Amino acid sequence: MSTKPIAATKPSTNPPEMVTLKAICAELKIDPRLAREKLRIAAREAKKFPELAKTHKPRLAWEWPKGSEAEKQARAALLA
């Protein structure tokens, strides 16, 4: 009687829940167009908002992992 080795289960690699700019704008009651403008300016200020500058990619949606430092910096930039 031969036994097969039990395959190790793979750890769950679900992507983190993302927070979109649309959701933040709805929460803070900010115009999305104005918010994108503020975020583009903030993303250029790498010393003041380093995580926001690192995570922003041109031509991609503004979204961050929920609870991340980049999300916190985005909220701070929008409220400034």
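Rules and cut-offs
- Residues numbered from 1 in each chain as written.
- Predicted model: local features only at pLDDT ≥ 70, side-chain atom pairs only at ≥ 80, totals over all residues.
- Heavy atoms only, no water.
- Helix = DSSP H or I, 4+ residues; strand = E, 2+ residues; numbered from the N terminus.
- Buried < 20%, exposed > 50% of the residue type's maximum accessible area, 1.4 Å probe, protein only.
- Contact = heavy atoms within 4.5 Å.
- Arc of directions from axis to C-beta.

Q: Quick one: what's the story with the overall build of the protein, residue by residue and with numbers?
A: When helices and strands are counted, the protein shows four helices and two strands. Helices (α) and strands (β) of the protein occur, in sequence order from the N terminus, as β-α-α-α-β-α. By the burial criterion, 25% of the 80 residues in the protein qualify as buried. Sequence separation of at least 24 residues holds for 55% of the intrachain contacts in the protein that already meet a minimum separation of 6.

Q: Which residues make up helix α1 (residues 21–28), and what values go with them?
A: Residues of α1 that are buried include every one of Leu21, Ile24 and Cys25, and no others. Buried residues in α1, looked at end-on, bunch into an arc of 100°, giving them a common side. Facing away from the buried side of α1 by more than 90 degrees, the exposed set consists of Lys22 and Ala26. Buried residues along α1 sit in contact with β1 (18–20), α2 (32–44), β2 (63–65) and α4 (69–79). Downstream of α1 by a residue or two, lysine 29 has a phi angle that is positive, lying close to 55°.

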